[in-house]
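Chain residues, written in single-letter form:
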Amino acid sequence: MGVGRPGVVIPVYSVPPRCVLAVTDLSEPAGEAVGRAARLAARYGARLLVLYVAPPHVAPELVEFARLRLRSHLRRHAREVPAARGTVRTGRVAAVVPDEAGGEGADLLVLGARGRHRPGGTGLGGVAGSLVRTGEVPALVVRRPPGGAYRKVLLAVDESTASLAAARTGTGLTPGAERLLVHCVAVPGEHLLRMRGVPEGELERLRRTRTEQARPAAERIAADLAPRPARVLVAPGRPQDAVPRLAGSEGADLAVVGTGTRSAVGYAVLGSVAQHVVSEAPCDVLVVPGPGPGPGPGR
């Protein structure tokens, strides 16, 4: 763990990862996530585990069939890591994955943004948000077919400890990439001001003022990263809207966001910004859990 502001602990995750856990439902989109996980594991010399979670109470013969399918899945999508290990477990995906990650000491979770639909909303695509929310390690949500190393990375930050931890993790995971640090700021109550008839020119003036006020903080965050991002962009607008849009317009192939503060039981509080970026960004997204709650009164 590292220390940021006085009294605030910034989580430090293993970068590069030593153990990568990829989750698959054996569909083609999930295979792309396995492929990306294999490339990362091969690049960093990490162990690669690939997990398929069968529905609860499934017949034993179907579990064995899943094992055969998983072996074929690995041969197709994880060729870069011949020693990759596949595991089939039964149960609820959202419960089994964190348990497997903790038991194996995984420090990076990789999953597809979508997958095969499973009745009841338990398919990989339907629970991606839950896996990200309950995970205790960074989660890479893969939306594009895996290629080479990430070339352009968008680091979405605010002035929180969580976003600083995310930016540091994203920077460490993408050596050699061009990195753009983005800090989005909105005019408080802009929607209400517009409804009250405030002219667009006045709103634009307020936006410029807000971005100018926010730039020193963004530059301080950039200076705290090594290597320093190639560019620092302070953009007007709500971050949950602006970050996915900028990821597209800037041609990023990876966006990095923090989840927010972790709860007392160890789960991340997946804030609206992270939720929107995971759902709307046109590129892969790395979601990094933020710090845990501070000590309570009297401690």
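My aim in this report is to walk through the structure given alongside it, one point at a time. (Residues numbered from 1 in each chain as written. Predicted model: local features only at pLDDT ≥ 70, side-chain atom pairs only at ≥ 80, totals over all residues. Heavy atoms only, no water.)

1. As for the overall build of the protein
Quick note on the threshold: Helical segments are the DSSP runs of H or I of at least four residues, strand segments are the runs of E of at least two, and each set is numbered from the N terminus. Categorising residues by exposure relies on relative accessible area from a 1.4 Å probe, with only protein chains included: less than 20% of the type maximum marks a residue as buried, more than 50% marks it as exposed, and the intermediate range marks it as partly exposed. Residue contacts follow a heavy-atom distance rule, with two residues in contact if any of their heavy atoms lie within 4.5 Å. Calculation of accessible area relied on Shrake-Rupley with a 1.4 Å probe; when residues are assessed, cover is drawn exclusively from the protein chains displayed.
For the protein, the helix and strand inventory stands at 9 helices and 12 strands. Burial statistics for the protein: of 299 residues in total, 50% are counted as buried. Long-range contacts, defined here as pairs at least 24 residues apart, represent 79% of the contacts in the protein between residues at least 6 apart. Of the roughly 13,900 Å² that the protein leaves accessible, carbon and sulfur atoms contribute 55%.

2. A few points about the packing of aromatic side chains
The condition that has to hold: Pairing of aromatic rings covers Phe, Tyr and the six-membered ring of Trp, with a centre-to-centre limit of 6.5 Å; geometry is then stacked below 30 degrees between planes, edge-to-face above 60, and tilted otherwise. Lysine NZ or arginine CZ positioned within 6 Å of the ring centre and within 35 degrees of the ring normal marks a charge as sitting over the ring.
Per the stated rule, a full pass over the model turns up 0 aromatic pairs. Here Arg 36 stacks its cationic end above the ring of Tyr 150, 4.1 Å away from the centre of that ring.

3. Section: the nonpolar core
Soluble globular proteins tend to bury their nonpolar side chains together. For clarity, the threshold we go by: To qualify as a nonpolar core, a set must consist of buried Ala, Val, Leu, Ile, Met, Phe, Trp, Tyr and Cys residues joined through side-chain atoms within 4.5 Å.
In terms of nonpolar packing, the biggest core is built from 50 residues, with Val 20, Leu 48, Val 110, Leu 140, Leu 181, Val 256 and Leu 286 touching the most fellow members. The biggest single contributor to this core is helix H1 (residues 28-44), with 7 residues. With residues up to four places along the chain from it excluded, the contact list for Leu 286 reads Leu 108, Pro 138, Ala 139, Leu 140, Thr 169, Gly 170, Leu 173, Leu 254, Ala 255, Val 256 and Val 257. Ranked by size, the runner-up nonpolar core spans 39 residues in total, among them Leu 131, Ala 274, Cys 283 and Val 285.

4. Side note on the sheet that holds strand E4 (residues 47-54)
To keep it simple, the criterion reads: For two strands to be treated as a pair, DSSP must find at least two bridges joining them. Axis lines are fitted through C-alpha atoms, for helices just across the contact stretch, and the angle between N-to-C directions can take any value from 0 to 180 degrees.
Spatial strand order, E5-E4-E3-E6-E7-E12-E11-E8-E9-E10: 10 strands in an open sheet with mixed pairing. Strands with a single pairing partner mark the edges of an open sheet, and in this sheet they are strand E5 (85-90) and strand E10 (231-236). Between one strand axis and the next, the sheet turns by 25 degrees as a mean value, whatever way the strands run. Two elements, strand E3 (residues 19-24) and E4, share 6 bridges in a ladder whose sense is parallel. Residue pairing in the sheet places Val 23 in a bridge with Leu 51 of E4. With respect to the sheet, helix H7 (residues 200-223) is in contact with strand E8 (152-157), strand E9 (178-185) and E10, its orientation differing from that of E10 by roughly 150 degrees.

5. Quick look at unusual backbone geometry
The omega torsion across Val 15 and Pro 16 is 0 degrees, close enough to zero to call that bond cis. Along the chain, Pro 16 turns up in the loop between strand E2 (9-10) and E3. With phi around 70 degrees, Leu 26 is a residue other than glycine that occupies positive phi space. Along the chain, the position of Leu 26 falls in the loop between E3 and H1. For Leu 26, a relative accessible area of 10% translates into the label buried.

6. Things to note about the side chain of Glu 32
With respect to the helices and strands, the residue Glu 32 is situated in helix H1. Among the residues examined, Glu 32 registers a relative accessible area of 16% and is labelled buried. Leaving out residues up to four positions away in the same chain, Glu 32 has contacts with His 77, Val 142, Arg 143, Arg 144, Pro 145 and Pro 146.

7. Some remarks on helix H2 (residues 60-77)
The test is simple: In a helix, the anticipated span is given by 1.5 Å times the number of residues less one. By arc we mean the arc of the directions from the helix axis to the C-beta atoms, nothing more.
Under the 1.5 Å per step criterion, the end-to-end length of H2 is 25 Å for 18 residues, consistent within 8% with the ideal 26 Å. Turning to H2, its buried residues are Val 63, Ala 66, Leu 70, His 73, Leu 74 and His 77. The buried residues of H2 occupy an angular sector of 95 degrees when the element is viewed end-on, so they sit on one face. Seen from the open side of H2, the exposed residues pointing more than 90 degrees away from its buried face are Glu 61, Arg 75 and Arg 76.

8. Describing the pairing of strand E12 (residues 284-288)
Most of E12 sits out of view: 5 of its 5 residues are buried. Sheet topology note: the strand E11 (residues 254-258)/E12 ladder contains 5 bridges and is parallel. The partner of Val 257 across the bridge, within E12, is Val 287.

9. Regarding the environment of Pro 146
Along the polypeptide, Pro 146 turns up in the loop between strand E7 (139-142) and E8. Judged by relative accessible area, Pro 146 falls into the partly exposed class, the value being 21%. Here the alpha-carbon distance between Pro 146 and Val 34, two residues 112 residues apart in the chain, equals 8.9 Å. When sequence neighbours within four positions are dropped, the list of residues in contact with Pro 146 reads Glu 32, Gly 35, Arg 36 and Arg 39.

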